[in-house]
Protein chains: 4
Amino acid sequence: MLSDFLTDLAARMAAVPERGAVADYIPELARIDPNQFAVSVCLADGTQISHGDADVPFSIQSVSKVFALALGLGRFADNLWIRVGREPSSNAFNSVVDLELEMGKPRNPFVNAGAIVVTDALLTARSPREALAEMLRFVRAAAGDDHIYIDEELAKSENLTGHRNWSLAYFLKSSDNLTHECDLTLGTYFHQCAIEMTCTQLARAGRFLAGLDTKHELISRNNVRSINALMMTCGHYDGSGEFAYRVGFPGKSGVGGGIMAVVPGIASIAVWSPGLNRYGNSQLGTIALEEISDALNWSVFDVK
Amino acid sequence: MLSDFLTDLAARMAAVPERGAVADYIPELARIDPNQFAVSVCLADGTQISHGDADVPFSIQSVSKVFALALGLGRFADNLWIRVGREPSSNAFNSVVDLELEMGKPRNPFVNAGAIVVTDALLTARSPREALAEMLRFVRAAAGDDHIYIDEELAKSENLTGHRNWSLAYFLKSSDNLTHECDLTLGTYFHQCAIEMTCTQLARAGRFLAGLDTKHELISRNNVRSINALMMTCGHYDGSGEFAYRVGFPGKSGVGGGIMAVVPGIASIAVWSPGLNRYGNSQLGTIALEEISDALNWSVFDVK
Amino acid sequence: MLSDFLTDLAARMAAVPERGAVADYIPELARIDPNQFAVSVCLADGTQISHGDADVPFSIQSVSKVFALALGLGRFADNLWIRVGREPSSNAFNSVVDLELEMGKPRNPFVNAGAIVVTDALLTARSPREALAEMLRFVRAAAGDDHIYIDEELAKSENLTGHRNWSLAYFLKSSDNLTHECDLTLGTYFHQCAIEMTCTQLARAGRFLAGLDTKHELISRNNVRSINALMMTCGHYDGSGEFAYRVGFPGKSGVGGGIMAVVPGIASIAVWSPGLNRYGNSQLGTIALEEISDALNWSVFDVK
Amino acid sequence: MLSDFLTDLAARMAAVPERGAVADYIPELARIDPNQFAVSVCLADGTQISHGDADVPFSIQSVSKVFALALGLGRFADNLWIRVGREPSSNAFNSVVDLELEMGKPRNPFVNAGAIVVTDALLTARSPREALAEMLRFVRAAAGDDHIYIDEELAKSENLTGHRNWSLAYFLKSSDNLTHECDLTLGTYFHQCAIEMTCTQLARAGRFLAGLDTKHELISRNNVRSINALMMTCGHYDGSGEFAYRVGFPGKSGVGGGIMAVVPGIASIAVWSPGLNRYGNSQLGTIALEEISDALNWSVFDVK
């Protein structure tokens, strides 16, 4: 029945004419065909159902912030919160305004500035190469799939064109909230964002946050809870309230069009469609998650 | 076991020296003894456990925004969202900044400006007296207790001293987002905030949001889900992210020191302690809810 | 020659098709015919040249803030600056944002919030009736003309429709920066704004700021200098920089379409045309002052 | 008499104990002895009076923005204003907030972001070396003194430590308001700021803005007027209103402690003292200019 629902969902989503706009500030992403859609769901019984373009690799971009936060909490625990906050932001994902108002402390680890700080922390006692290897190991272990790589060309491209991220990094540096040189931290950050995964892989990689990955114990149950809370309140930038209202379970989007979402104890879900809504979140991906939530009563706010 | 835990919790909370500051901008609230603490929990099996000063009536203040929203969604459904948003705010509960930036549309129904708009909507085709009677009926039905009243003296006092709320109301009026005269809407709003309840009553009144009140069906299941989502992302003002992170289930605080919180499908909880933390939320109440969440694994973000 | 220039100027201005938009938030002002233009110049030799609709009375609105400031500095000297600042604002004349950021201290006496504070100060030891009589005496003495009155109907209308000013007043009250009740101070403020003057009268009334009114010595030379400085940096709201750049001498505009401007030691000028530019300053009035400044090299920034 | 006054002023200023704080974010500037003070005045009759440490070279820093603007207006006239505004800012000289609110258009050419844009424009059809040579030629011609140089060490130091300026430059780049690469424009900007001059030289260099330099005609009279207007409304950052109020003639400060000021048609003045007030303007320099203005009635707002 879930399979039938997802088959139908993927078919309907493939036919929607209004698909949002592909991110255009990164040349490589601007070229992606917006007529793609994929959905994949991992369940507690170990089964996985995937539909649509679920085996096409895409750039996970900001979804990587979740993996970075998992590593960061694992290594630094509450000390991480000295450098980054835990509150949603009213401003866009790449805003500098919050940063100036809060004296260089990003509001949360899922806005760009906050994620850059987390990456900077991960470079403590690690070279960029080591830090990235550690992250890839983590993501591969989470997905149970070693065929996950970084798109080096994309990382290089973002390094050249990601001027706003450079602005954020230098602001953090001027506020004494960046330990390493901007190019070291940002170089690592752009590589982390350029991890490529398929929708199938991404759904599997989210199982550790849904409590479905009992084998690996990648992070503590306490950190799972913390990350899920942050994905709920901050995972979709200044559209997070709307996502909580419509979908009702934690998720994290990326400008590549992917969203990783978890229904604690029940399911790990990935959706992908490159067109973005005005908040920078996948337009069809958000709609698909809303339909899934409605159909299966998966909102954590629902009274079953 | 839950009873033992709550007994111990109430005893420990009664002894905490650092209790926050009682709201001082409303003379009547400033006089409340901060050395009070109460907790009450309603469970799915119909039982209720209360400890501490659970039968002392207190002013529910902003907790009333939840009941107003329930009535507003019931009467106007999605049309309510034309006049008020669904996103958390980075600013304080009484901030005017958001209102000016968003052209008079409050960010959510739980900041003061948003709640004033909801009350204004509730006055459609109702006199203030009728609207307040309707709200009292709703709250009494929810609590299953007719002995719930409005503190008229407090309402009058707030009418005279609540200058910031008058500023918000006139701003809304100047933005064409207030249908009635400011004094009509604010008069009703101040009365609604001045509803007095005990902790025991408040816990019972929250059952409809936890899905424990199968008899009354006060509002649709869909609206329950919507309200819970908004309490999660916006229920504690600019401390909402922190509350989601630490406690992990929906709740709404009031400057009277009360918090009503729900664990969907499991429990309805009320805590009360008059001292407030820097966000204007009950200091001990927040700590108590965090302990309850930890002890019972009630965070919706936890993987059971 | 000046007369010829002004004759020509008035004729050209009367024919300009793009005249800006008449203030529409005050019903009485919305009805004014935008096809009016007047200019009047008082010179050091005592002569006055007027052209266009120079004898049509209009509502001076915010130009009255200059007279209020003159009275306020006369009575309270530097103590006035405890309650209001001296810096230009990036926000609109009726903005609440600045007020919240600066804890209730308006940035300058020419934004609405600042002027309301000055009026509130003028009510110290005066009833509204006495304060308004004092202001009328001052304006009449400055203009050398007793036929200057308050438009009571307009004042009453603003009292009913000026919701944004009520919002500002209540914000000031909530910040402990309003000594009197909002309705007392605002009632006085709306009456002060509703002073009616002709362009001829207004030019004469500005002579004390240009140093041309040696007889009356209405205020100290030091206060003249202070007021002129504030008119230069703050007299045209968030268009003040542009006015200083284009015109180059101090001036104060009102939403009635009038501008009073002074060339220290040389001239007092009034222009009037009801259509406003996007900053809320008279569109043709600003252009006319720019032409006068260019033609006569009257910018204080010019090197003669 | 002016000489006597300045002698006395320099002596008194040398003895003031509260001298403000030396800029500490540039290591080279942090080492300057704060117990220095200099004043120099050029008059219309060609005389120059200097007192105190008037022959000690110091880093002119933001005073260089005036020379850059003079060159920029000379080359691009009004086209310059497509990229930068003419309004004062409520925020600090190095704020990013304004930039984000105004979509990457700096509010004026005297905040850092605006000056970086002007420098970027000056690099049109010039290499950094050529642009800097052009600026040095301009400054030397203005001062009538070829012994004016750039402190290369300081420029290099700022290049390494001026993180906030890098943040601003990258923000401009991300807003398509920077034509050249950030390092090219900023490298030039840091060199321009590192021009070293004595107080004597700086006073002479300001004569073209006071109309005292009839020989050279470095820029048009119209541009002189424009620059003076901008120095009045924006020359002292978010302390510009205060400067206009207290001093009353145009000036531009630098974090090196220098201020160049002009009394149109009458005098060109330079003051220098390294300690800064809370706006980042020379504390004693500002006080000295206020005393000069008061003693000589040089405020343009005064009625002589």
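Residues numbered from 1 in each chain as written. Chains lettered and ligands numbered in written order. Predicted model: local features only at pLDDT ≥ 70, side-chain atom pairs only at ≥ 80, totals over all residues. Heavy atoms only, no water.

Chain A appears in an unreviewed UniProt entry as Glutaminase from Primorskyibacter flagellatus. If you open the UniProt record of chain A and go to Catalytic activity (unreviewed entry), you find "L-glutamine + H2O = L-glutamate + NH4(+)". Taken from UniProt, the Sequence similarities (unreviewed entry) comment for chain A reads in full: "Belongs to the glutaminase family." (UniProt positions renumbered as here; feature names shortened; annotations may be inferred.)

*Asks:* What should I look at first to understand the domain arrangement of chain A in this one?
*Replies:* Put simply, an interface is often sized by how much accessible area is lost when its parts join up. Residues and elements named next belong to chain A. Domains assigned within chain A are domain 1 (2–61 + 196–296) and domain 2 (63–193). Listed per partner, the contact involves 36 residues of domain 1 and 38 residues of domain 2. With both sides pooled, the region where domain 1 packs onto domain 2 buries about 3100 Å², and carbon together with sulfur makes up 68% of that total. On the domain 1 side of the contact with domain 2, Q61, L230 and Y237 bury the most area, a combined 19% of that side's loss. Linking domain 1 with domain 2 are 0 salt bridges. Our count for the contact surface shared by domain 1 and domain 2 stands at 12 residue pairs in polar contact (both at pLDDT 80 or more). Among the secondary structure elements, those contributing two or more residues to the side of domain 1 that touches domain 2 are α2 (27–30), β5 (195–197), α10 (199–205), α11 (207–210), α12 (221–234), β6 (251–253) and β7 (258–263). Sort the elements by how many residues they give to the side of domain 1 that touches domain 2 and α12 lands first, with 7 residues. By residue class, the composition of the side of domain 1 that touches domain 2 is 19 nonpolar, 11 polar and 6 charged. (Domains from an automatic or database assignment. Contact = heavy atoms within 4.5 Å. Buried area = accessible area lost by both parts, 1.4 Å probe. Salt bridge = Lys/Arg side-chain N within 4 Å of Asp/Glu carboxyl O. Polar contact = N/O pair within 3.5 Å; in protein donor to acceptor, adjacent residues only side chain to side chain. Helix = DSSP H or I, 4+ residues; strand = E, 2+ residues; numbered from the N terminus. Nonpolar A, V, L, I, M, F, W, Y, C, P; charged D, E, K, R; others polar.)

*Asks:* When you look at the side chain of S253(D) in this model, what are you seeing that I'm missing?
*Replies:* Residue and element names in this part refer to chain D. The topology assignment puts S253 in strand β7 (residues 251–253). A distance of 2.5 Å separates polar atoms of two side chains, one belonging to S253 and the other to N281. When near neighbours in sequence (up to four residues on either side) are disregarded, S253 contacts S62, V63, G235, H236, Y237, G258, I259 and N281.

*Asks:* Got a minute to help me understand the UniProt feature "binding site: substrate" (unreviewed entry) in chain A in this structure?
*Replies:* Residues and elements named next belong to chain A. As recorded in UniProt, the feature "binding site: substrate" (unreviewed entry) lies at S62, N112, E158, N165, Y189, Y237 and V255. Look past the residues within four positions of N112 in its chain and what remains in contact with it is S62, K65, F93, N94, N165, L168 and Y189. Inspection of the secondary structure assignment puts E158 in helix α7 (residues 152–161). Discounting chain neighbours no more than four positions away, the residues touching E158 are I26, Q61, F190 and C193.

*Asks:* Help me understand unusual backbone geometry, please; the structure alone is not making it clear to me.
*Replies:* Phi is mostly negative for residues that are not glycine, and the peptide bonds are mostly trans. All names here are of chain B. Positive phi, normally seen in glycine, also occurs at Y237, with a value near 55 degrees. Counting through the fold element by element, Y237 comes out in the loop between α12 (221–234) and α13 (240–246). For Y237, a relative accessible area of 4% puts it in the buried group. For N297, which is not glycine, the phi torsion reads 55 degrees and is therefore positive. The exposure class assigned to N297 is partly exposed, which follows from its relative accessible area of 32%. (Buried < 20%, exposed > 50% of the residue type's maximum accessible area, 1.4 Å probe, protein only.)

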